[in-house]
Structure formats: structure tokens, C-alpha cells
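Coordinates in review
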Amino acid sequence: MDRGWGFLIGLLGAVWLLSSGHREQQPPETAAQRCFCQVSGYLDDCTCDVETIDRFNNYRLFPRLQKLLESDYFRYYKVNLKRPCPFWNDISQCGRRDCAVKPCQSDEVPDGIKSASYKYSEEANNLIEECEQAERLGAVDESLSEETQKAVLQWTKHDDSSDNFCEADDIQSPDAEYVDLLLNPERYTGYKGPDAWKIWNVIYEENCFKPQAIKRPLNPLASGQGKISENTFYSWLEGLCVEKRAFYRLISGLHASINVHLSARYLLQETWLEKKWGHNITEFQQRFDGILTEGEGPRRLKNLYFLYLIELRALSKVLPFFERPDFQLFTGNKIQDEENKMLLLEILHEIKSFPLHFDENSFFAGDKKEAHKLKEDFRLHFRNISRIMDCVGCFKCRLWGKLQTQGLGTALKILFSEKLIANMPESGPSYEFHLTRQEIVSLFNAFGRISTSVKELENFRNLLQSIH
Ligand code: FAD
């Protein structure tokens, strides 16, 4: 349409609206708006907006990431689901069928993965095997070159290093088993009520820097305390330094993502022949509708985007580690391993090209001593959360909870190792920075979960629009 006509029609429309008093009447919000209208525009503490993330994720990243995660390297995750809960001992395993995890038979997992459970290349394997042998002998083998000895010592210390944000799962334990993540998808399990609340409650109350006197809005375990003023909570949060605020938002983002998944893969129907899984709109609304959740739902969804940006940033930073020629996604199938490495690098380059990255340089940027203390606090709180995962009373939820906290912990480790990664030699042993296979698998799978959540939000938005 000609611009002059468009302007005139617009002007006439505006005059009509003003003269007929229509400006007073707002159409009621639709179901989609009630979940999503506050989840748009700029995200707090970031220079990025939700719409840019949606476009980037849903059309450019998500399909390629799914393909990568279906490969053998990424689908098998070794986990110890039998570790006792270190905090309390009255865990009732929920006993639901949908909570069961089916571990792999030993012949299902490619030999290359089994023989190198925490190793990532032939060179690395050799190095670590030499190291293990040296440890058994009680000394570092003198025949190893000085360079190798140094790397060996660094890597053996790796799991206890002060850069690790997660309690390392004991994957060498006889209780640890490989799980095929594609056969044990994250979805609705029926784990809910006081047992599930207790886990979330401990995480928020004891590990998110929150004083007891400040109550979380809508906390189901805080009944009998009268209505909790959300203003008190949010003014406390706003008063925190950016790092502590980020910590709360990461956990809340993870919580939101888990709840998006269970709403998107809900058990809709069960017959003796089959189960039907799909989107449960009511479940989604109960958790994220602005009115039903007194404004909390949209905030939770924004935290999910915040988490997305943090993990995206970590992936963009770690590119030099994966670009090194000696890095392989080692499963023993040379052709597939090479193809997968190409796909992985393609994804990481795409991520690097994202224009509006979260800038974590503002993190821990204050006084050096204070920054060190804060980083240490941050790390210890996060390690505690990874231990709480052993208290989750549903194995399927425990599996995905462990994987996602390990993935987020790996992302944080990357973000705080920026200089080490930048100074890494282009080839040969790297002394300062290293990722185990477990960390790599959890990092990409955890990001895959958040990426899927963002994609699912588009599906829910469309479904909610279609019912109005
Ligand atoms: P919950 O989600 O249990 O939340 C408890 C309270 O926390 C809410 O009442 C609210 O006050 C607050 N809250 C809720 N969301 C947020 C948020 N995003 N940010 C801040 N505060 C919030 N269930 C499955 O079906 N499948 C799974 O795979 C699964 N995995 C889980 C993994 C873990 C580690 C845990 C602890 C639970 C898991 N659950 C899973 C259970 C699920 O997360 C819920 O706890 C359950 O569905 C009950 O939901 P709810 O509505 O009662 O509130």
C-alpha cells in the first residue's frame, strides 16, 4: 500500500478511537499473552532480547544440535544413580514405572566409549593410561617425557581442581552404568508433591545465598506463614550483586526448563498397548500463566532464557578446545567420529556468530580478593546442589537432574577459565584446561535440553493461540 494512504488511514483510525472512547477498553488478554506477553524484549542483566534468541535457536541451532545429540558419542552417559543421599536418609523411591531408568547392556555401548570413559582422544587415552599406571606404581614413570609428566599430573588433579563446579560422579564405581539418553527421555514421570518440593526447597533455601527471613513467593512448604510478599523477595534479589542474582536465576531457569519438558511430554493416554505422550496445555498454564501464578510464571520463563544465554556463552568460549587437531569425539568409528566433529565445530561456529552474547566479564570483576571469595562461594554452592541430586527420589529425574547440573557446572567452569582456554597451545598436551568425556557429554546434552525448552515455548505459544 502507498505510504501516504497508510498514514491517512492510520490517522483516521486514531481519531475514531479517540472520539469513540475506545482507548478506555483493552481487549482481555489471551491465554498465550498471559504466559508470554511479559516474556519478550530485553532480559535483565543482558543486552539480548527474547525474540532474537527464539529465531536463532529454533531455526539455526536446534535442528543441528538434535542431530549431534543422536550420535553415539553423545547418547551414552555414564552415571551412578545408586549413590546415597548425603543429607538425609528417608528417601522414598517413588516406585513409578515412568521413573525407571533402563541401563545399557555392556554390548550396546561402542567399545571406543567403554575403553575411554573419561578420555577424549587416542593421545589423551595414552597419556591418562600412562598416568594411571604411574599412579599405581606410586610414582610418575621417569621414561615419560617431562612435558607428558607435567600434563599427567595436571590431569589427575583435574577432578579435585578448584575450577570444578560439580561434585564429580564416581563413574569408576561398580555401581556406575551407561545409560542411553535417547531411550530414557526426560518427560513427565509423576514425581511431585512434598518429596519433590523438599528438593527444590533445599536448593533455593540453603544454596542460593538467601537469608531464611526472606520468603520465596508461592513456596508450598511455607504454608501457615500468611501471604508472602513477593516485593520483599524481589527487592532482596535486586539488592544482590550481579553474581548472586545470576546464581538464583540459573537455578530457577533450570527448574523452569524441567517443568517445560514435563508439560511438553506429558502422559496423555495409557492403554495396555501403548502410552501417548504430548503437550499438556493446562499443566503448562498452571506453571507459567501470569495470572494463575501471580506473575511468577513469566519471570521463570525469563530465567530460562537467561540460563540459555549463559550456556550459549560458555559454548562460544570453549571453541578453541574442540578445534585442536588432536581432539576427537572418540567412539572407535573413524568416519563417524570425523563427521561428528565437523558437525560439532559447525554448531560452535554458529554459536560464536550469535551477536548478542551475555557478557560475563561483569562477573567477579570487582576487587580481586573479593572476586576470588565470591567465585569460591559460587562454586561451593553449586557443588552442593550437584550432591542434592543424589537425594531425588525418582531415578529418571535424578538422571536428568545430575546430567543438567553437571552440564551447567561445566559451562561455569568454562566461563571462569576463559584466559586458560585462550592461552591453550593449538596442538600437543594442554596443561591448564581439560574437559573429560563426561563433561563434554553433559555440557552438550544440558544445552540441548534448554534449547529444546526454548523450541517448546514456541509450540506452546502456538497451541495457546489456537485455543482462542
Ligand atoms: P515444583 O516445580 O515442585 O516447584 C515447587 C515450588 O517452587 C513452586 O510451588 C514454586 O513456588 C516454586 N517454583 C516453581 N518453579 C519455579 C522456578 N522456575 N523458579 C523459581 N521458583 C519456582 N518431574 C517430572 O515429571 N519429570 C522430570 O523429569 C522431573 N525432573 C525433576 C528433577 C529434579 C531435580 C526435581 C527436584 C524434580 C523433578 N521433577 C520432575 C518434579 C517437578 O520438577 C515438580 O517438582 C513437580 O512436577 C511438582 O510441581 P509443582 O507444580 O508442585 O511445583
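Our structure's up above, just so we're on the same page.
Residues numbered from 1 in each chain as written. Predicted model: local features only at pLDDT ≥ 70, side-chain atom pairs only at ≥ 80, totals over all residues. Heavy atoms only, no water.

**With respect to the nonpolar core**
As a reminder, the rule being used: Among the buried residues, those of types Ala, Val, Leu, Ile, Met, Phe, Trp, Tyr and Cys that are joined through side-chain atoms within 4.5 Å form a nonpolar core. Classification of residues uses two cut-offs on accessible area relative to the type maximum, computed with a 1.4 Å probe and protein chains only: under 20% is buried, over 50% is exposed, and between them is partly exposed. Comment: elements are numbered from the N terminus, with helices defined as DSSP H or I runs of at least four residues and strands as E runs of at least two. Two residues qualify as a contact provided that any one of their heavy atoms is within 4.5 Å of a heavy atom in the partner residue.
The biggest cluster of nonpolar side chains holds 110 residues, and the ones touching the most others in it are F74, F284, F322 and F444. Counting residues per element, this core draws most heavily on helix 12 (residues 296-317), which supplies 11 residues. Excluding its chain neighbours within four sequence positions, the residues that come into contact with F322 are F327, K341, L344, L345, L348, L435, I440 and F444. Residues Y76, C104, V109 and I113 belong to the second largest nonpolar core, which totals 5 residues.

**Notes on the pattern of salt bridges**
The condition is simple: Salt bridges are identified by distance alone: a Lys or Arg side-chain nitrogen within 4 Å of an Asp or Glu carboxyl oxygen.
Evaluation of the coordinates by the stated rule reveals 23 salt bridges. As a salt-bridge pair, R75 and D180 come within 2.7 Å of each other at their nearest N and O atoms. Taken as a pair, R75 in helix 4 (residues 72-75) and D180 in strand 2 (residues 177-180) lie far apart in primary sequence, 105 residues in all. Exposure remark for R75: the relative accessible area of 19% places this residue in the buried category. For E458, the salt bridge goes to K455, with nearest N and O atoms at 3.2 Å. Separated by 3 residues within a single helix, E458 and K455 lie in helix 18 (residues 437-466), roughly one turn from each other. Each member of the pair, E458 as well as K455, carries the same accessibility label: buried.

**Some remarks on the environment of E323**
Residue placement: E323 occurs in helix 13 (residues 319-323). Accessibility expressed as a relative area gives 38% for E323, which makes it partly exposed. Distance in space between the C-alpha atoms of E323 and L348 is 9.6 Å, their sequence separation being 25 residues. Apart from the residues within four sequence positions on either side, E323 is in contact with K341, L345 and H349.

**Quick notes on the site of the ligand**
We apply this condition: Being near a molecule or strand, for a residue, comes down to having at least one heavy atom within 4 Å of it. Under this definition, polar contacts are N or O atom pairs within 3.5 Å; protein pairs additionally need one hydrogen-donor-capable and one acceptor-capable atom, and for neighbouring residues in sequence, both atoms have to be side-chain atoms. Note on areas: Shrake-Rupley with a 1.4 Å probe; residue coverage comes only from the protein chains shown. Classification used: nonpolar for Ala, Val, Leu, Ile, Met, Phe, Trp, Tyr, Cys and Pro, charged for Asp, Glu, Lys and Arg, polar for all others including Gly.
In the neighbourhood of the ligand, 29 residues make up the surrounding shell, with T189, W197, L218, S252 and H255 lying closest. Take T189: an N or O atom from its main chain is 2.8 Å from an oxygen atom of the ligand. At 2.7 Å from an oxygen atom of the ligand is found a side-chain nitrogen or oxygen belonging to W197. Considering the ligand on its own, with 940 Å² of exposed area, one finds that the protein chains cover 91% of that surface. For the shell around the ligand, the secondary-structure elements that each account for two or more residues are helix 8 (194-207) and helix 10 (242-264). No other element matches helix 10, which puts 7 residues into the shell around the ligand. A per-class count over the shell around the ligand returns 17 nonpolar, 6 polar and 6 charged.

**Quick notes on the side chain of E439**
Tracing the backbone shows E439 in helix 18. Residue E439 is classed as buried on the basis of its relative accessible area, which comes to 6%. Separated by 3.1 Å, the side chains of E439 and K413 make a polar contact.

**Comments concerning the packing of aromatic side chains**
Cut-off, in case you're wondering: Note on ring pairs: Phe, Tyr and Trp rings are taken, using the six-membered ring of Trp, and paired if centres are within 6.5 Å. Classes follow the plane angle, with under 30 degrees stacked, over 60 edge-to-face and the rest tilted. Lysine and arginine charges are scored as sitting over a ring when NZ or CZ, respectively, is within 6 Å of the ring centre and within 35 degrees of the ring normal.
Under the counting rule described, the total for this entry stands at 21 aromatic pairs. Between Y204 and Y248, the aromatic rings sit 5.8 Å apart at their centres with planes inclined by 50°, giving tilted as the arrangement. On the criterion of sequence distance, the pair formed by Y204 in helix 8 and Y248 in helix 10 is long-range, its members being 44 residues apart. With 5.3 Å between their ring centres and 65° between their planes, F233 and Y248 make a pair best called edge-to-face. Here Y248 lies in helix 10 and F233 lies in helix 9 (residues 230-239), a separation of 15 residues in the sequence. A network of ring pairs unites the aromatic residues Y73, F74, F321, F322, F327, F433 and F444 as a single cluster. Over the face of the ring belonging to Y234 we find R299, whose NZ or CZ atom lies 3.9 Å from the ring centre. Sitting above the plane of the F433 ring, K413 keeps its charged end 5.8 Å from the centroid.

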